[in-house]
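# Examination of the molecular architecture
Residue strings, one per chain:
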Amino acid sequence: MSHIDLPYFDTFVAQLKTGQNPDLEALIGRNVHWGYWPDPKAATLTNDDFRKASDALTKKLLTWANPQSGEAILDVGCGFGGTIAHMNETYANLNMVGLNIDARQIERAREKVEPLAQHENKIKFVVGNACKLPFEDSSFDTVLAVECIFHFPSRKEFFLEAKRVLKPGGKLVLCDFVARPILLPVLGLIFLACRKDVTKVYGSSNKLASRIQYRLLAKQAGLQWLGVEDITANTLPTYDMIRKAAPHSGFEEKSFIRAHAVSEYGSKLGALRYDILAFRK
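Calculation criteria
- Residues numbered from 1 in each chain as written.
- Predicted model: local features only at pLDDT ≥ 70, side-chain atom pairs only at ≥ 80, totals over all residues.
- Heavy atoms only, no water.
- Helix = DSSP H or I, 4+ residues; strand = E, 2+ residues; numbered from the N terminus.
- Contact = heavy atoms within 4.5 Å.
- Areas by Shrake-Rupley, 256 points an atom, 1.4 Å probe, with all protein chains shown as cover.
- Lys, Arg positive; Asp, Glu negative; His and termini not counted.
- Charge placed at Lys NZ, Arg CZ, Asp CG, Glu CD.
- Patch = residues over 30% accessible without salt bridge, like charges linked within 9 Å, V, L, I, M, F, W, Y side chains within 5 Å.
- Salt bridge = Lys/Arg side-chain N within 4 Å of Asp/Glu carboxyl O.
- Polar contact = N/O pair within 3.5 Å; in protein donor to acceptor, adjacent residues only side chain to side chain.
- Buried < 20%, exposed > 50% of the residue type's maximum accessible area, 1.4 Å probe, protein only.
- Expected span 1.5 Å × (residues − 1).
- Axes fitted to C-alpha atoms, helices over the stretch in contact; angles between N-to-C directions.
- Parallel < 35°, antiparallel > 145°, perpendicular 65-115°, else oblique.
- Left-handed = near helix turned anticlockwise from the far one by under 90°.
- Nonpolar A, V, L, I, M, F, W, Y, C, P; charged D, E, K, R; others polar.
- Core = buried A, V, L, I, M, F, W, Y, C linked by side-chain atoms within 4.5 Å.

### Things to note about the overall build of the chain
Each helix and strand counted, the chain has 12 helices and eight strands in total. Contacts in the chain between residues far apart in sequence, at least 24 positions, make up 79% of those at least 6 positions apart. Split by element, the accessible area of the chain, about 12800 Å² in all, is 53% carbon and sulfur. Between the mean site of the 36 positive side-chain charges and the mean site of the 31 negative ones, the chain shows a separation of 6 Å.

Shown next as structure tokens:
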């Protein structure tokens, strides 16, 4: 497998393995994604508050997926298994598979997430490529991609693969930072000012997509557009949490903060949305 350019996971995994960074463990030991606050003004920005908010984002996305007993669910880009852990605690009789290209993340997910006997769920974690899914056609009722699609080699190839492995009527549900084309110059200027820090923390990522491009991706893959929900305002306290957590990140503090300037100021200026998007086969 080719080199995986994930500097932040290189650092996070190394820090978590030491067991000597309890703040980082509390913040991203389960979920490595933004938080969701129903009332952003009520955010307290404690470690526990952020942990609950990151679980709340998972819960919000799953309202679109609406898992049902007996279904098979694939979580692509599963990270440390937080989304599957949440479903394992919340739902019963699900067959859940988490996939990630990074074997280190899969190793931790296997260590941390086990089926709850009382819920009779099945859980499996697999190393694999989101654009070459190692599963048979029509294998899953739902495919999830939680804040990770910008790392995939190709959104188009992922959509085609998601459609292939979905059963007829199955759903693809994802969340992503979605650009507003009219304000792309604003994002470009912020990125130029922070490129070095973004690359240092996040490595190389795919270009941003717009809602129009997502509709086109769905059409090309043969998927029906179900809808979109803009939860940008509910995620904004994440940036205050990033500033608070920067000393515990394993990166130089100012560089870690600047690496998030594109998404923070892009979101606050209306050039970037944090969207949940849903599609059906």
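### A word on a nonpolar patch on the surface
On the surface, Leu 189, Phe 191 and Leu 192 cluster together into a nonpolar patch covering about 310 Å² of accessible area. Looking at the element boundaries, Leu 192 is found in helix H7 (residues 184–202).

### Examining the side chain of Thr 235
Relative to the assigned elements, Thr 235 resides in helix H9 (residues 232–235). In this structure the side chain of Thr 235 is engaged in a polar contact, spanning 2.7 Å, whose partner is the backbone oxygen of Thr 232. Those residues in contact with Thr 235 that lie beyond four places of it in its chain are Trp 34, Gly 35, Trp 37, Leu 57 and Tyr 274.

### Notes on the environment of Gly 270
Mapped onto the secondary structure, Gly 270 falls in the loop between helix H12 (261–268) and strand E8 (272–280). Linking Gly 270 and Ser 255, residues 15 residues apart in sequence, is a C-alpha distance of 24 Å. Leave out the neighbours within four places in its chain, and Gly 270 touches Arg 180 and Leu 183.

### Comments concerning the pattern of salt bridges
A full pass over the atoms with the stated rule returns 19 salt bridges. Arg 243 is the salt-bridge partner of Glu 264, the closest N and O atoms lying 2.9 Å from each other. Taken together, the positions of Glu 264 in helix H12 and Arg 243 in helix H10 (residues 237–245) put the pair 21 residues apart, joining distant regions of the chain. We classify Glu 264 as buried; its relative accessible area is 3%. One salt-bridge network, in which partners are shared between bridges, spans Arg 30, Asp 48, Arg 51, Lys 52, Asp 55 and Glu 89.

### Concerning helix H3 (residues 47–65)
When the terminal C-alpha atoms of H3 are compared, their 27 Å separation across 19 residues agrees well with the 27 Å that a helix rising 1.5 Å per residue should span. Turning to H3, its buried residues are Asp 49, Phe 50, Ala 53, Ser 54, Asp 55, Leu 57, Thr 58, Leu 61, Leu 62 and Ala 65. Just downstream of H3 lies Asn 66, where phi reads positive at about 50°.

### Some words on unusual backbone geometry
Even without being a glycine, Leu 45 presents a positive backbone phi close to 60°. Under the relative-accessibility criterion, Leu 45 is labelled buried at 19%. The phi dihedral of Glu 147 is positive, around 50°, even though this residue is not glycine. Along the chain, the position of Glu 147 falls in the loop between strand E4 (140–146) and helix H6 (155–165).

### A few points about the environment of His 260
Assignment of secondary structure puts His 260 in the loop between helix H11 (253–258) and H12. Sequence separation between His 260 and Ile 242 is 18 residues, and the spatial gap between their C-alpha atoms is 8.3 Å.

### Some remarks on the packing of H6 against helix H8 (residues 211–221)
At a minimum axis distance of 9 Å, the contact between H6 and H8 shows a crossing angle of 45°. As far as their axial angle goes, H8 and H6 are oblique. For H6 against H8, the interelement crossing comes out right-handed. Residue-level contacts link Arg 155, Lys 156, Phe 159, Leu 160 and Lys 163 of H6 to Tyr 214, Leu 217, Ala 218, Gln 220 and Ala 221 of H8. Across the contact of H6 with H8, the residue classes break down as six nonpolar, one polar and three charged.

### A short note on the nonpolar core
Membership of the largest hydrophobic core comes to 60 residues, with the highest contact counts inside it found for Tyr 8, Trp 34, Leu 57, Leu 61, Met 87 and Leu 144. Core analysis: the next-biggest nonpolar cluster, separate from the first, contains 33 residues, Val 97, Leu 99, Ala 145 and Leu 174 among them.

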